[in-house]
Amino acid sequence: MKNTFIYIVLLWSTFTFSQNEQLAQYYYDKGDFEKAKISYEQLLNGAPSNTQYFLRTIDCYQQLQQFDAAQKAIQDRYNKYKQGVFLVELGYNFQLQKNEAKAKNYYEQAIEKIKTNPNDVYGIGNSFEKKVLLEYALKSYQTAMLVQPTYNFNFQIGMLYGQLGKTDLMIDLLLTESYNNPQNSNLIQTQLSRFMNGETDNTAFKDAMRKALILKTQKDQDVFWNHYLSWFYVQQKEFGKAFIQEKAIYKREPESLMSILNLSQFALNEDDTETATEILNFILLNTKDLDLLIQTNAKLMEIKIAKAQEKDYPAINAELQQLLSTYEISPFTLSLQIIQAHFLAFNLQKPEEGKTVIKKALELNLNDYQQADAKMELGDILLLEEKFNQALIYYSQIQLDLKNDVMAHEASLKAAKTSYYKTDFEWALKQFKELKSANTQLIANDALEYFLLINDNTAADSTQTALKQFAKGDFLIYQNKKPEAIAQFLSILKNFKGQEIEAVTMLRLGKIYESQADYNAALSQYQQIIDNHSDGIYVDEALFFSAEIYNDELHDVEKAKPLYEKVIFNHQDSIYFVDARKKYRELRGDKNL
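One numbering rule holds for all chains: residues counted from 1, following each sequence as written. In view of the model being predicted, local features appear only for residues whose pLDDT reaches at least 70, and side-chain atom pairs are presented and counted only at 80 or more, with totals across whole chains, interfaces and linings using the full set of residues. Values shown for side chains rest on all heavy atoms present in the structure; no hydrogens or waters enter the calculation.

Turning next to the overall build of the protein chain. The helix and strand inventory of the protein chain stands at 32 helices and 0 strands. Along the first, second and third principal axes, the C-alpha atoms of the protein chain reach 85 × 65 × 65 Å. Residue exposure (1.4 Å probe, protein chains only): buried if accessible area is under 20% of the type maximum, exposed if over 50%, otherwise partly exposed. A burial count over the protein chain gives 47% of its 593 residues as buried. Nonlocal contacts in the protein chain, meaning residues at least 24 apart in sequence, comprise 50% of its contacts between residues at least 6 apart. Comment: elements are numbered from the N terminus, with helices defined as DSSP H or I runs of at least four residues and strands as E runs of at least two. Residue contacts are defined here by distance: any two heavy atoms, one from each residue, within 4.5 Å place the two residues in contact.

So this is what it looks like as structure tokens:
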């Protein structure tokens, strides 16, 4: 009974202490430093050795310009613990009072403290960094390494060089550190990426990085530098140049093609299908590994199908059949079987044959993820046939079998779209609302688009007449019936002129025309959105898509630039903002906005 009472008292004390800490933080964040000071003083009385409470109390004194109180408290703390970090605090307290001489004196004392006790560098260096006293932070780490050569602060020193604008020193030191301690390479590359892709002018930094790495590969034959240069080119999305480095690595270390396969996927993710195809063909010529051969052929077939015109279909169909004859029907060739089923159903308009391929695949000894892949494709084909409920069954099975997995979220999105296609908008809206917060950004963005579409057009028209017609047009796109989809959307523009549905209908038409390489027709639709719906939610897409056509397809830089510029300056919340800024900088010839 006595022990229970003690436990309850301790539990209540802990709860109360936590509540007081939250209250102090609340006052501090709100800027009510008088109340925050009182709260932190109370917390510090309860836990006198807590450095966090002490430093926050000092901060409150300084915010209230109670510098004498702060100085006395810091001095008492230093006299008690003799920690160098409190010398930094004393110096900073004088710096806030514009007394640079006394501030410098204490900062130098802190550096001297490191000479006698190198372990103090951790607190002192960190304190200087937090206060953005970068030169002193640099001196702290350098001093510690001189006194104790076994210490390694090269990463911290390199990052400080970068913050101080000494980029050449930063690059040289961090590259050397990567080579000497490869286990730190990932951390270093992450930070270098931040500098390369930062908000400020980074052209000089990228050029310096490129030159430094090329010099390394020329002076040192270690493939480490080829790997690093390949990584650099991937960051710049220069996949062809990265491939040159990967080939050089493979000639000297032909054990694995996995990094080259990964490079092909990077290129595909950025729609660089030309480089991806070159990489994949290189893999085919240099491997006898069955799994790799199947993966590579599957990716090549996907690229061919995406680019194919109807006249190419017989040859593609024959090639798929030949590949499956060569590698046989087994769980190992499931990716090829799914591609064949999709091609039969969606391109050749033979859904029954496509379903037969998938149903035979499901009879194989598949693992959970392979089964999900096959069921997803079967659901897609059933949806193509307008067998909505049967499609939903397969999507639901994937959601149940792989809960919280990315594939389950993808199945949820497809289920929501199925409800949308069958004009069950109430249920679809609920599903899209949940998926807006999905961990996968592409799924979240897709869900948000449909959520806004249904929500906005239901508010504008409670009968949902226009929305039902629009959903029919979207379904025709899904069925790969582009001429019928165009006719459907043109009918909507005619019958619902000036209504909420108009802008998004023009957007859909523009994307269809783009897919048919009818760029002038696409630009016409986007321009109507820009001219007549400039205050709507689709104008950023119309601007960006127009810019992309002028830049990538029509090669008219002067027309592309102002369109990218409008996205950058008028639509900072657009999902296309980052890409627009990057393209604009490239076209303008510099990286500084």
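Okay, back to it.
Our focus in this paragraph is the confidence of the model for the protein chain. Across the protein chain, pLDDT averages 92, with 96% of residues at or above 70. Values of pLDDT, the confidence the predictor places in each residue, fall between 0 and 100. Residue range residues 5-17 is modelled with pLDDT below 50. Its contacts to residues more than four positions away, or to other chains, number 3 contacts.

As a further point, take the layout of surface pockets. Any empty space left between the atoms is revealed when a probe the size of a water molecule rolls over them. Cavities and pockets are defined on a 1 Å grid built over the protein atoms alone: a cavity is a set of grid points where a 1.4 Å probe fits but cannot escape, while a pocket is an open set with protein on both sides within 12 Å along at least five of seven lines, and lining residues are those with an atom within 4 Å of any such point. Grid points are joined across faces, edges and corners, and a volume is the space filled by probe spheres set on the points. When its volume is computed, the second largest pocket comes out at roughly 560 Å³. Forming the walls of the second largest pocket are 21 residues, and the residues nearest its centre are Leu-55, Glu-89, Ser-127, Lys-130 and Lys-131. Breaking the lining of the second largest pocket down by element, the ones donating at least two residues are α3 (51-63), α5 (85-95) and α7 (121-130). Ranked by residue count, the leading element in the lining of the second largest pocket is α3, at 7 residues. Looking at the lining of the second largest pocket residue by residue, the classes come out as 7 nonpolar, 8 polar and 6 charged. In this classification, the charged set is Asp, Glu, Lys and Arg, the nonpolar set is Ala, Val, Leu, Ile, Met, Phe, Trp, Tyr, Cys and Pro, and all remaining amino acids, among them Gly, are polar.

Our next topic: the packing of aromatic side chains. Pairing of aromatic rings covers Phe, Tyr and the six-membered ring of Trp, with a centre-to-centre limit of 6.5 Å; geometry is then stacked below 30 degrees between planes, edge-to-face above 60, and tilted otherwise. Counted according to the given criterion, the structure contains 37 aromatic pairs. Residues Tyr-313 and Phe-343 carry aromatic rings whose centres are separated by 5.4 Å and whose planes lie at 85° to one another, so their mutual orientation is edge-to-face. Within this pair, whereas Tyr-313 is found in helix α18 (residues 313-327), its partner Phe-343 is found in helix α19 (residues 334-347), the two being separated by 30 residues in sequence. Accessibility classification places Tyr-313 together with Phe-343 in one group, the buried group.

A helix's residues, less one, multiplied by 1.5 Å, set its expected span. With 14 residues, helix α22 (residues 388-401) ought to run about 20 Å at 1.5 Å a step, and its terminal C-alpha atoms sit 20 Å apart, in line with that. Considered for burial, the residues of α22 that qualify are Phe-388, Ala-391, Leu-392, Tyr-395 and Ile-398. Across the axial projection of α22, the buried residues extend over an arc of 120°, all falling on one side. Relative to its buried face, α22 has exposed residues pointing more than 90 degrees away, namely Asn-389, Leu-400 and Asp-401. Lining the buried residues of α22 we find α21 (368-384), α23 (406-421) and α26 (465-478). Working note: the arc is built from the helix axis to C-beta atom directions.

Interaxial angles span 0 to 180 degrees and are taken between N-to-C directions of axes, which are lines fitted to C-alpha atoms, for helices over the stretch in contact. Running from N to C, helix α13 (residues 223-235) and helix α14 (residues 239-252) cross one another at 160°; their axes reach a closest spacing of 8 Å. Of the possible angle classes, the one that applies to α13 and α14 is roughly antiparallel. For the pair α13 and α14, the crossing hand works out as left-handed. Contact with α13, carried on its side by Val-223, Asn-226, His-227, Leu-229, Ser-230, Tyr-233 and Val-234, involves Phe-239, Lys-241, Ala-242, Gln-245, Glu-246, Ala-248, Ile-249 and Arg-252 of α14 and no other residues of that element. Residues of the contact of α13 with α14, tallied by class, amount to 8 nonpolar, 4 polar and 3 charged. Orientation is classified from the angle alone, with under 35 degrees giving roughly parallel, over 145 giving roughly antiparallel, 65 to 115 giving roughly perpendicular, and any other angle giving oblique. Left-handed describes a crossing in which the near helix is turned anticlockwise from the far one by less than a right angle; the clockwise case is right-handed.

Another point: the side chain of Asp-474. Looking at where Asp-474 falls in the secondary structure, it is placed in helix α26. Here the side chain of Asp-474 touches Tyr-420 through a polar contact of 2.7 Å, side chain to side chain. Excluding its chain neighbours within four sequence positions, the residues that come into contact with Asp-474 are Tyr-420, Tyr-421, Tyr-450, Phe-489 and Arg-508. Pairs of N or O atoms are called polar contacts if they sit within 3.5 Å, as long as, within protein, a hydrogen donor faces a hydrogen acceptor (for residues adjacent in sequence, only side-chain-to-side-chain pairs).

It is worth spelling out helix α11 (residues 185-196) at this point. Here α11 spans 16 Å end to end across 12 residues, near enough to the 16 Å set by a 1.5 Å rise per residue. Inspection of α11 places Ser-185, Ile-188, Gln-189, Gln-191, Leu-192, Ser-193 and Met-196 among the buried residues, and these make up the whole buried set. Where α11 is buried, its residues meet α9 (154-163), α10 (167-180), α12 (203-219) and α13.

The next subject is the pattern of salt bridges. The rule for a salt bridge is simple: a side-chain nitrogen of Lys or Arg has to be within 4 Å of a carboxyl oxygen of Asp or Glu. Across all of its chains, the model carries 26 salt bridges by this definition. A salt bridge links Asp-552 to Lys-583; the shortest N-O distance between them is 4.0 Å. Of the two residues, Asp-552 is situated in helix α30 (residues 539-553) and Lys-583 in helix α32 (residues 577-588); the sequence distance between them amounts to 31 residues. Here the residues in one salt-bridge network are Asp-207, Arg-210, Glu-238 and Lys-241, joined through shared partners.

This paragraph deals with the environment of Asp-368. Looking at the secondary structure, you find Asp-368 in helix α21. The class for Asp-368 is exposed, based on a relative accessible area of 52%. Sequence separation between Asp-368 and Asp-401 is 33 residues, and the spatial gap between their C-alpha atoms is 7.6 Å.

Here helix α6 (residues 100-116) crosses α7 at 150°, and the two axes come no closer than 9 Å. Taken as axis vectors, α6 and α7 run roughly antiparallel relative to one another. Both α6 and α7 take part in a crossing whose hand is left-handed. Here α6 contributes Tyr-107, Ala-110, Ile-111, Lys-113 and Ile-114 to the contact with α7, which in turn contributes Val-121, Ile-124 and Phe-128. Here the residues of the contact of α6 with α7 sort into 7 nonpolar, no polar and 1 charged.

Moving on to the environment of Leu-44. Secondary-structure assignment places Leu-44 in helix α2 (residues 33-46). We classify Leu-44 as buried; its relative accessible area is 15%. Distance from Leu-44 to Ile-260, taken between C-alpha atoms, is 57 Å for residues 216 residues apart in sequence. Aside from chain neighbours lying at most four places away, what touches Leu-44 is Asn-50, Tyr-53, Phe-54, Thr-57 and Arg-77.

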